[in-house]
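Here's the letter readout for the chains.
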Amino acid sequence: MEFSNCIICDSKESFNIIEQVNDRFSKKDIYLIQECSCGMIMLNPRKTEEKIFKHYNVNNYHPNNRSSSMFGCLYKFAQRLNNEFKLKIIKKYFKTGKALDFGGGDGQFNAFLTKHNWLVDTYEPYIKSRLFRGKVINDLKKIEKNKYDLITMFHSIEHIHKIDETLKKIKSALKKKCILIIAIPNHNAYERFFLKEKWVAYDAPRHLYHFNEKTIIMLLKKYGFQLIEKKPLLLDTFYNVIMSSQFNFKSVLKSTLLLIKSIFAIISNNDRSSSLIFTFRKYD
Ligand SMILES: [Zn+2]
């Protein structure tokens, strides 16, 4: 285990424990969620980069692996709707161009964007996929400078140990005034206040950071990015509430009620969505 300084203010002494959580796949270990006085919330201490791999290698971690189940089919359908929504955001800035999907996972977004006439490279050091088109990069040092019109980080930034090195690299890889789109779980999500330590997006020890709108903007500003747009990813609320329930009758009833309440909360205030998607522009 290692203790990480705050990724925004670099402090190591101003953390307070706000939650104790289990790994949802193994109830043995307890992890601490800590909040820095600047507002940044992090898993601290955390597994080292070398030790974290085995925590990804568990049954049912990747929802795509369950494509034969009803849940898997619904997940794929929601993923398609989410892709269309993301493409709509991208098209406001560029009709086509050169993109880097950072933390591309199984490559499904790469394949989708390629189908829409983009040239897409992928940074993905851990997963191999037949869906990757373009170049697959597995070493930060191999990302070329000044190359991309668009970089996407969809639910990947919260997994990255070397955040400083990564964000500097991302900045240098983007062309002048180009676009970085980031999707993250939102620590201000309505359902989290009810689910508490059972909130699936805590996902210890894999999720290292728990952002909200304020902290993601603070972090990206530090690396020369300016916010231009924020939107909720509505379908993630369904996923989070369903995955946080224990799949018994009582909890399904409770989850359905929580889902309905969450939807009303999000309609009145976008900031309560389970996930948010932010569009940033590089300053210069
Ligand atoms: Zn801090």
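Bear in mind that the values here come from a model prediction, so they are computed numbers and not experimental data. (Residues numbered from 1 in each chain as written. Predicted model: local features only at pLDDT ≥ 70, side-chain atom pairs only at ≥ 80, totals over all residues. Heavy atoms only, no water.)

Participant: In this structure, what is going on with the overall build of the chain? I would like to understand it.
Facilitator: Helix and strand content of the chain: seven helices and 11 strands. Computed over its C-alpha atoms, the radius of gyration of the chain comes to 18 Å, within 12% of the 19 Å expected for a compact globule of 284 residues. A principal-axis box enclosing the C-alpha atoms of the chain has dimensions of 50 × 45 × 40 Å. Taken across its 284 residues, the chain has 50% of its residues classed as buried. Summarising the internal contacts of the chain: among those between residues at least 6 apart in sequence, 69% fall at separations of at least 24. Total accessible area on the chain is roughly 14,400 Å²; 55% of this is exposed by carbon and sulfur atoms. Distance between charge centres in the chain, computed from 48 positive and 28 negative side chains, equals 4 Å. (Helix = DSSP H or I, 4+ residues; strand = E, 2+ residues; numbered from the N terminus. Rg over C-alpha atoms; globule rule 2.2 N^0.38 Å. Buried < 20%, exposed > 50% of the residue type's maximum accessible area, 1.4 Å probe, protein only. Contact = heavy atoms within 4.5 Å. Areas by Shrake-Rupley, 256 points an atom, 1.4 Å probe, with all protein chains shown as cover. Lys, Arg positive; Asp, Glu negative; His and termini not counted. Charge placed at Lys NZ, Arg CZ, Asp CG, Glu CD.)

Participant: When you look at the coordination of the zinc ion in this model, what are you seeing that I'm missing?
Facilitator: Octahedral six-donor coordination of a metal ideally yields angles of 90 or 180 degrees, compared with 109.5 degrees for tetrahedral four-donor coordination. Those protein atoms acting as donors to the zinc ion are Cys-6 (SG), Cys-9 (SG), Cys-36 (SG) and Cys-38 (SG), and they sit at 2.2 to 2.3 Å. Around the zinc ion, the four donor atoms are arranged such that angles at the metal cover 101 to 119°; this shape is classified as tetrahedral. Each donor residue of the zinc ion lies on the same chain, and together they follow the pattern C-x2-C-x26-C-x1-C. Linking Cys-6 in the segment before β1 (15–23) with Cys-38 in the loop between β2 (26–36) and β3 (41–43), this pair joins segments that are 32 residues apart in sequence. This pair shows no difference in class: Cys-6 is buried, exactly as Cys-38 is. (Donors = N, O, S within 2.8 Å, 3.2 Å for Na, K, Ca; no water. Tetrahedral: all angles 85-135°; square planar, octahedral: opposite > 155°, others 65-115°.)

Participant: Where do I start with helix α3 (residues 163–173) in this structure?
Facilitator: Since the α-helix turns once every 3.6 residues, residues separated by three or four places project in the same direction. What α3 keeps buried is the set Ile-163, Thr-166, Leu-167, Ile-170 and Ala-173. The arc that holds every buried residue of α3, seen down its axis, measures 125°, which confines them to one face. Here the buried face of α3 lies against β4 (98–102), β7 (148–154), β8 (174–185), β9 (209–210), α5 (213–222) and β10 (225–232). (Arc of directions from axis to C-beta.)

Participant: Explain the sheet that holds β2 here, please?
Facilitator: Consider a sheet: its strands pair through backbone hydrogen bonds, and that pairing is either parallel or antiparallel. Taking strand neighbours across the sheet as the criterion, the four strands line up as β1-β2-β3-β9 in an open arrangement whose pairing is antiparallel. Only two strands of the sheet have a single partner each, and these edge strands are β1 and β9. Pairing of β2 with β3 involves three bridges; the strand directions are antiparallel. Across the sheet, Ile-33 pairs through a bridge with Leu-43, a residue of β3. (Pairing = 2+ DSSP bridges.)

Participant: Would you mind going over the sheet that holds β10 with me for this structure?
Facilitator: Here seven strands make up an open sheet; going across it, the order is β6-β5-β4-β7-β8-β11-β10 and the pairing mixed. A strand with exactly one partner marks an edge of an open sheet, and here the two such strands are β6 (136–137) and β10. Bridge analysis of β7 against β8 gives six bridges, and the strand direction is parallel. Across the sheet, the residue bridging to Met-153 is Ile-182, located in β8. Of the strands in this sheet, β8, β10 and β11 (275–282) are in contact with α5, which crosses β11 at around 25°. (Axes fitted to C-alpha atoms, helices over the stretch in contact; angles between N-to-C directions.)

Everything listed here is a matter of coordinates, which is why it stays silent on function.
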